[in-house]
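Report on the structure
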Amino acid sequence: MVRVGKPETVLVELEKAIGANYVYAHIEVSHDEVKAEEKIEAAMKEENVEMKYFWGSTLYHVDDLPFKLDGMPSNYGGFRD
């Protein structure tokens, strides 16, 4: 399915069309995506729809990494060491 528009608008339209009680999404870490997430969550809250987040942005779960996210190597070479 392809939808065009602002996520906070399109997802509310979709939620209304199917009668969803929850929206599941990957939790984001970069600035622009976090801001979009906040807008989506506010829009869903107005509709009494709960957001449920899960980690899916890396090969390993963030809790299983041997370092903090802010210490993550910027390239593959950092992982080999």
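It should be noted that the structure appears before, not after, this text.
Here's a quick rundown of the structure. (Residues numbered from 1 in each chain as written. Predicted model: local features only at pLDDT ≥ 70, side-chain atom pairs only at ≥ 80, totals over all residues. Heavy atoms only, no water.)

1. Considering the nonpolar core
Ranked by size, the top nonpolar core spans seven residues in total: Val12, Val23, Ile40, Ala43, Met44, Val49 and Met51. At three residues, helix α2 (residues 31–46) tops the list of elements feeding residues into this core. Beyond its immediate sequence surroundings of up to four residues, Ala43 is in contact with Glu8 and Val12. (Core = buried A, V, L, I, M, F, W, Y, C linked by side-chain atoms within 4.5 Å. Buried < 20%, exposed > 50% of the residue type's maximum accessible area, 1.4 Å probe, protein only. Helix = DSSP H or I, 4+ residues; strand = E, 2+ residues; numbered from the N terminus. Contact = heavy atoms within 4.5 Å.)

2. Here we look at the packing of aromatic side chains
In the structure shown here, the tally under the stated rule is one aromatic pair. Measuring from centroid to centroid gives 6.4 Å for Tyr22 and Tyr24, while their planes differ by 50°, and the two rings are tilted. (Phe/Tyr/Trp six-rings, centres within 6.5 Å; stacked < 30°, edge-to-face > 60°.)

3. Structural notes on helix α1 (residues 7–18)
Between its first and last C-alpha atoms α1 spans 16 Å; for twelve residues at 1.5 Å apiece the expected length is 16 Å, and the two agree. Within the sequence span of α1, burial applies to Glu8, Val10, Val12 and Glu15. Here the buried face of α1 lies against α2. Downstream of α1 by one or two residues, Gly19 has phi in the positive range, about 70°. (Expected span 1.5 Å × (residues − 1).)

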